[in-house]
Amino acid sequence: MAEERLDHLLQKETVIYPPKEFVERANVKDYEAEYKRFLDNPEKFWAEVAEKLFWYEKWEKVLEWNYPYAKWFVGGKTNITVNALDRHVKNGKRNKVAFFWEDELGNKKVVTYGELYRLVNRFANALRAAGIKKGDRVVIYMPLVIEQIVAMLACARIGAVHSVVYAGFSVPALRHRIEDAEAKMVITADVTIRRGRAIPLKRIVDEAILDLPFVEQVVVLRRLEPKVDLIGEKEVDFYEFMDGHLDYCEPEVMDSEDPLFILYTSGSTGKPKGVLHTTGGYMVGTYYSMKTVFDLKEDDIYWCTADPGWITGHSYIVYGPLVAGATQVIAEGAPNYPDYGRWWRIIEEYGVNIFYTAPTAIRMFMRAGEEWPNKYDLSSLRLLGSVGEPINPEAWLWYYRVIGKEKCPIVDTWWQTETGSVMITTIDGLPMKPGKAGKPVPGVIADVVDKEGNPIEPNKGGFLVIRNPWPTMMRTIWKNPERYEQYWNTIPNCYTAGDVAVKDKDGYIMILGRADDVINVSGHRIGTMEVESALVSHPAVAEAAVIGKPDPVKGETIKAFVILKEGYSASDKLVEDLKYHVRMELGALAVPSEIEFVDKLPKTRSGKIMRRVLKAKELGIDPGDLSTLED
Ligand code: WTA
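Conventions we followed
Residues numbered from 1 in each chain as written. Predicted model: local features only at pLDDT ≥ 70, side-chain atom pairs only at ≥ 80, totals over all residues. Heavy atoms only, no water. UniProt positions renumbered as here; feature names shortened; annotations may be inferred. Helix = DSSP H or I, 4+ residues; strand = E, 2+ residues; numbered from the N terminus. Buried < 20%, exposed > 50% of the residue type's maximum accessible area, 1.4 Å probe, protein only. Pairing = 2+ DSSP bridges. Axes fitted to C-alpha atoms, helices over the stretch in contact; angles between N-to-C directions. Core = buried A, V, L, I, M, F, W, Y, C linked by side-chain atoms within 4.5 Å. Contact = heavy atoms within 4.5 Å. Near = heavy atom within 4 Å. Polar contact = N/O pair within 3.5 Å; in protein donor to acceptor, adjacent residues only side chain to side chain. Areas by Shrake-Rupley, 256 points an atom, 1.4 Å probe, with all protein chains shown as cover. Nonpolar A, V, L, I, M, F, W, Y, C, P; charged D, E, K, R; others polar. Phe/Tyr/Trp six-rings, centres within 6.5 Å; stacked < 30°, edge-to-face > 60°. Parallel < 35°, antiparallel > 145°, perpendicular 65-115°, else oblique. 1 Å grid on protein atoms, 1.4 Å probe; cavity = no way out; pocket = protein on both sides within 12 Å on 5 of 7 lines; lining within 4 Å. Points joined across faces, edges and corners; volume = space filled by probe spheres on them. Salt bridge = Lys/Arg side-chain N within 4 Å of Asp/Glu carboxyl O. Expected span 1.5 Å × (residues − 1).

- An unreviewed UniProt entry lists the chain under the name Acetate--CoA ligase, from Thermovibrio guaymasensis.
- In its Sequence similarities (unreviewed entry) section, the UniProt record describing the chain reads: "Belongs to the ATP-dependent AMP-binding enzyme family."

Written out as C-alpha cells, the structure reads:
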C-alpha cells in the first residue's frame, strides 16, 4: 500500500484551490498568517483561544513543559460541561438545536441545548446520588443515541472519568477495559440496532462483569418492548435512575489538568492501552479546531458520522462541537441501510453544511454508484472532511466531485486518539492536494524525520513526528507511564506518531500508513498482537501471525497465518470456527478475512515473528533485509 501511494505521489500531482467565496468567509482566511501568529508566541496564541471560554479561575501559566509531561493552563479551574451547555443556555441559545438524531427506520428526536442541559444535569445528580465521585471511572457501552452523550457529559459534570467502549466490542475486550479502569459503574443499553437487527449489549455487559466486585452498578437504557429484565440489585433502568432528580447539578470545579476521560486504543502490544485526556487543554484545543479546521459558524448544521466509541466522536461530536455551540446531526446504524441513499437523504433533509466521514465509507459509496447521491439535493454542503486512514486520490476526487459538486473544500484530517484533535490538514484557505493530508494546523510543529530525528529530504519516506507539546495531547497511558514515555523517547525530542509519511517541497505531508504492528481496517486500529493472542487462545492453534493486506474498500483487511497443534487438520469448518472465535474474543472488527494454515512462520533468531516478511511474500514485493531471519 505504502509503495503504491508513494508511486502515485511521484507522478504529476493535482492541486485544487478552495473556492474564493469560501475563503473570503472562512474563520481562518490566511493559514500562513495564523500559523505565524502561533509560532511567534505559542502561549499567547493559546491563551487567546482559552479566554473565549468560561473558567472559574484563570490559569497562572499557559504551559508547563517538563519533557515529556505537559500541563496546560496551569492552575485554571473550569468544567467542560459549563462551556458545552450552561454557557449556551445562558446566552440565548436555550432553544437552539443541539442534536437531530435518527435511526435506520427514520425514528427521530430533536434535542435543544436547553433539553440536553436538563438531561445531563439530572443524570449527573443521579450519578452523585449513586455515590459516583470525582475521579471515579465509569464505563459507557452504548449505541449512538442521545443517552450515550448524556451519560458522557453527566460524568464530566461531576468529574467522573468516562471510558467509552465502542458497542461492537465483545465480552473479553469490554471486560479488559472495565478491569483496567476499575470502573465503579457501567452504563449500557439493551440493544444497538444495525441493519435492521437488534444486537444485544446488556447480555455482553452481564458476562463481562462476572466476578468484578468493584462494579457496583449497571445502568441500562431499555429501548425495546417488552423491556429487558433487570437482574439483582446492581441493575437499574436509565430513566428510573434519573427520575426525580433536579434539573440543575452543581458542576464539579475541575482543575485544568484533572482527567476527563480514558479511551482505549490498539498498539503493538497484546492489550489495548488507555489513553488519558485531561480537561482544560482538551477543551481549548478541540474548540479551536471546530472553529478553524471545520470553519464552524453559528448557523451551520454539522454532521460527523463517527461514533462516540472512538476519539473522533469524543472530540468532534461530543466535546468540540458542543463547546462551540454547534447544531449537529447524528444517525444510529449503517450508512447503507435500508439503502445507499440514506446518508444523502439525511444531508438533504437537514440541510447539512459540514460533513465529516471516513475514506472507507466514501469508497463504499463510490462502488455503489453516483446515482444514489445524485437522487438528493446536496447543495447545502459547504465543507467536507475525511479521517481515520489515508484517502486515496481517486476517492478524494470522487468525494470532491460527486458529493461536494466541486465547490466544497475537503479537509483530510490526520490525527490520533493520542493527539486528541486534528494535527495535519489543509486549513481552509490552503490549496488541496488529493491524497496528501496537508500542513500542520496552527499550534502544531510536525515533521518527517529519520530514526535520529533529522528531517528527511522532500519526497522520501520517514517517521511522522510532532516537535512540540499541544493542548489536546494525551497526558499519560492509564497505569502505564512507561508506555506513555515511549512515544516521546523513541525519536529524540519528538512525539513519534507511529505513522510513516513523506513531505513534499511545499511542506505538504502525505501519510503512507502505520510504521508499527497496527492494522487499519475501515479506519479502525487493530493490533496484530491482539488478533494473534485471540487466535492462539483457540485450542487448535499453536502459533499465529497476522498482517494487514491492502483492500480497495476497507483500506486494509486482516490476513492470519496459523500453525495448528498436533492432531488438528486444516478445513473450511476450522477457518469458520477460528473467525467466530476471534469475533467472540475481540469483536467483529478484528475478524480476519483470510486464514491460511502454514507449517512454519518466519522468525528472527530471538524468536520474534517477522510479519514484514510474511507481508512481502503475500504482496509479492521485496522483503528487505533478511539478515536477522532464523533460517
Ligand atoms: C490513521 C483517528 C491518513 C493513522 C482520528 C493514525 C490517518 C491512526 C488519517 C489513528 C488521515 C487517521 N490520513 N491516516 N487523515 N487519520 N489516520 O487513534 O495511521 O483511531 O495513526 O484516531 O489512523 O487512529 P485513531
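Focus on unusual backbone geometry
Stage number 1. In this model, tyrosine 67 is joined to proline 68 through a cis peptide bond whose omega is -5 degrees.
Stage number 2. With respect to the element layout, proline 68 can be found in the loop between β1 (61-66) and β2 (69-74).
Stage number 3. Following tyrosine 337, the chain continues into proline 338 via a peptide bond in cis, with omega recorded as 0 degrees.
Stage number 4. Even without a glycine there, the phi angle at phenylalanine 73 is positive, about 55 degrees.
Stage number 5. As for its position among the elements, phenylalanine 73 is in strand β2.
Stage number 6. We classify phenylalanine 73 as buried; its relative accessible area is 0%.
Stage number 7. Although it is not a glycine, glutamate 182 adopts a positive phi angle of roughly 45 degrees.
Stage number 8. By the secondary structure assignment, glutamate 182 is in the loop between α8 (171-181) and β8 (185-189).

Examining the sheet that holds strand β24 (residues 462-466)
Stage number 1. Pairing within the open sheet is antiparallel, and its four strands lie in the order β23-β24-β26-β27. Across the chains shown, the open sheet's two edge strands, defined by having one partner strand only, are β23 (446-449) and β27 (509-514). Within the sheet, the average angular offset between the axes of one strand and its neighbour, ignoring direction, is 45 degrees.
Stage number 2. Note: β23 against β24, four bridges, orientation antiparallel.

Overview of the nonpolar core
Stage number 1. The biggest cluster of nonpolar side chains holds 143 residues, and the ones touching the most others in it are Leu116, Phe123, Ile178, Ile187, Phe294 and Tyr319.
Stage number 2. With 10 residues, the single largest contributor to this core is helix α7 (residues 146-158).
Stage number 3. Those residues in contact with isoleucine 178, other than ones at most four positions away along the chain, are Val139, Ala183, Val186, Ala208, Ile209, Leu212, Phe214 and Val215.
Stage number 4. Grouped together as the second largest cluster of nonpolar side chains are 34 residues, Met364, Leu384, Trp398 and Tyr400 included.

What about the pairing of β8?
Stage number 1. For β8, a buried count of five out of five residues is recorded, marking the element as mostly surrounded by other parts of the structure.
Stage number 2. Burial along β8 is two-sided: Met185, Ile187 and Ala189 facing one way and Val186 and Thr188 facing the other are all buried.
Stage number 3. As defined by bridge partners, strand β6 (residues 137-141) adjoins β8 across four bridges and the pair is classed as parallel. Bridging across to β8, isoleucine 140 finds its partner in isoleucine 187.
Stage number 4. Alignment of β8 against strand β11 (residues 217-221), held across five bridges, turns out to be parallel. Note that in β11 the partner of isoleucine 187 across the bridge is valine 219.

Focus on the environment of glycine 513
Stage number 1. Within the secondary structure layout, glycine 513 lies in strand β27.
Stage number 2. Of the residues examined, glycine 513 reaches a relative accessible area of 18% and is grouped as buried.
Stage number 3. Taking the C-alpha atoms as reference points, glycine 513 and alanine 501, separated by 12 residues in sequence, lie 7.2 Å from one another.
Stage number 4. Those residues in contact with glycine 513 that lie beyond four places of it in its chain are Gly498, Asp499 and Val500.

With respect to the site of the ligand
Stage number 1. Lining the immediate surroundings of the ligand are 17 residues, of which Asp412, Thr417, Asp499, Arg514 and Arg525 lie closest.
Stage number 2. In this structure, an oxygen atom belonging to the ligand sits 2.7 Å away from a side-chain N or O atom of aspartate 499.
Stage number 3. If the ligand stood free it would expose 520 Å²; the protein chains cover 96% of that surface.
Stage number 4. If you list the elements that add at least two residues to the shell around the ligand, you get α12 (311-323), β20 (410-413) and β27.
Stage number 5. Its residues assigned to classes, the shell around the ligand shows six nonpolar, six polar and five charged.

Some points on the packing of aromatic side chains
Stage number 1. Under the defined criterion, the tally for this structure stands at 44 aromatic pairs.
Stage number 2. Relative to tyrosine 484, the ring of tyrosine 69 lies with its centre 5.1 Å away and its plane at 35 degrees, an arrangement referred to as tilted. Of the two residues, tyrosine 69 is situated in strand β2 and tyrosine 484 in helix α17 (residues 481-489); the sequence distance between them amounts to 415 residues.
Stage number 3. In this structure tyrosine 484 comes out as buried when scored by relative accessible area, which is 1%.
Stage number 4. Ring-pair connections join several aromatic residues into one group, and the members of that group are Trp303, Tyr340, Trp343, Trp344, Phe355, Phe365 and Trp372.

Some points on the packing of helix α3 (residues 31-40) against helix α4 (residues 42-50)
Stage number 1. Look at α3 against α4: their axes get within 5 Å of each other, and the N-to-C directions meet at 115 degrees. Classified by the angle between their axes, α3 and α4 sit roughly perpendicular to one another. Residues Glu34, Arg37, Phe38, Leu39 and Asp40 of α3 form the contact with α4, whose own contacting residues are Pro42, Phe45 and Glu48.
Stage number 2. In terms of residue class, the contact of α3 with α4 is built from four nonpolar, no polar and four charged.

Considering the layout of surface pockets
One simple way to see leftover space: roll a probe sized like a water molecule over the atoms.
Stage number 1. Reported here for the second largest pocket is a volume of approximately 360 Å³.
Stage number 2. If you list the elements that add at least two residues to the lining of the second largest pocket, you get α8, β29 (524-527) and α18 (528-536).
Stage number 3. Ranked by residues supplied to the lining of the second largest pocket, first place goes to α8 with six residues.

Some points on helix α13 (residues 342-350)
Stage number 1. Within α13, burial applies to Arg342, Trp343, Trp344, Ile346, Ile347 and Tyr350.
Stage number 2. Residue glycine 351 follows α13 closely and has a positive phi angle near 65 degrees.

Details of the pattern of salt bridges
Stage number 1. Scanning the entire structure with this criterion turns up 55 salt bridges.
Stage number 2. Residues aspartate 447 and lysine 503 are paired through a salt bridge, measuring 3.1 Å at the closest nitrogen-oxygen approach. With a gap of 56 residues between them, aspartate 447 in strand β23 and lysine 503 in strand β26 (residues 495-503) connect regions that are remote in the sequence.
Stage number 3. For lysine 503, a relative accessible area of 25% gives the class partly exposed.
Stage number 4. We note a salt bridge from glutamate 596 to lysine 559, for which the minimum N-O separation is 2.6 Å. Highlighted residues: glutamate 596 in strand β32 (residues 594-597) and lysine 559 in strand β31 (residues 555-564), separated in sequence by 37 residues.
Stage number 5. Of the residues examined, lysine 559 reaches a relative accessible area of 3% and is grouped as buried.

Here we look at the sheet that holds strand β17 (residues 327-331)
Stage number 1. Ordered by their spatial adjacency, seven strands build an open sheet running β5-β4-β17-β16-β18-β19-β20, and the pairing between neighbours is mixed. Unpaired on one side and paired on the other, β5 (108-112) and β20 mark the two borders of the sheet. Ignoring strand direction, the axes of neighbouring strands in this sheet form an average angle of 15 degrees.

Here we look at helix α11 (residues 280-292)
Stage number 1. Taking 1.5 Å as the rise per residue, α11 with 13 residues should run 18 Å; its terminal C-alpha atoms sit 18 Å apart, in good agreement.
Stage number 2. Within α11, the full set of buried residues consists of Gly280, Gly281, Tyr282, Met283, Val284, Gly285, Thr286, Tyr287, Tyr288, Ser289, Met290 and Thr292.

What to know about the environment of tryptophan 414
Stage number 1. Residue placement: tryptophan 414 occurs in the loop between β20 and β21 (424-425).
Stage number 2. Put simply, tryptophan 414 and methionine 510 are 96 residues apart on the chain and 9.4 Å apart in space, counted from C-alpha to C-alpha.
Stage number 3. Ignoring anything within four residues of it in the chain, the contact list for tryptophan 414 reads Thr419, Val422, Met423, Ile424, Ala437, Leu464, Ile466, Ala497, Asp499 and Ile511.
Stage number 4. Here aspartate 499 takes part through its side chain, which lies 2.7 Å from a polar atom of the side chain of tryptophan 414.

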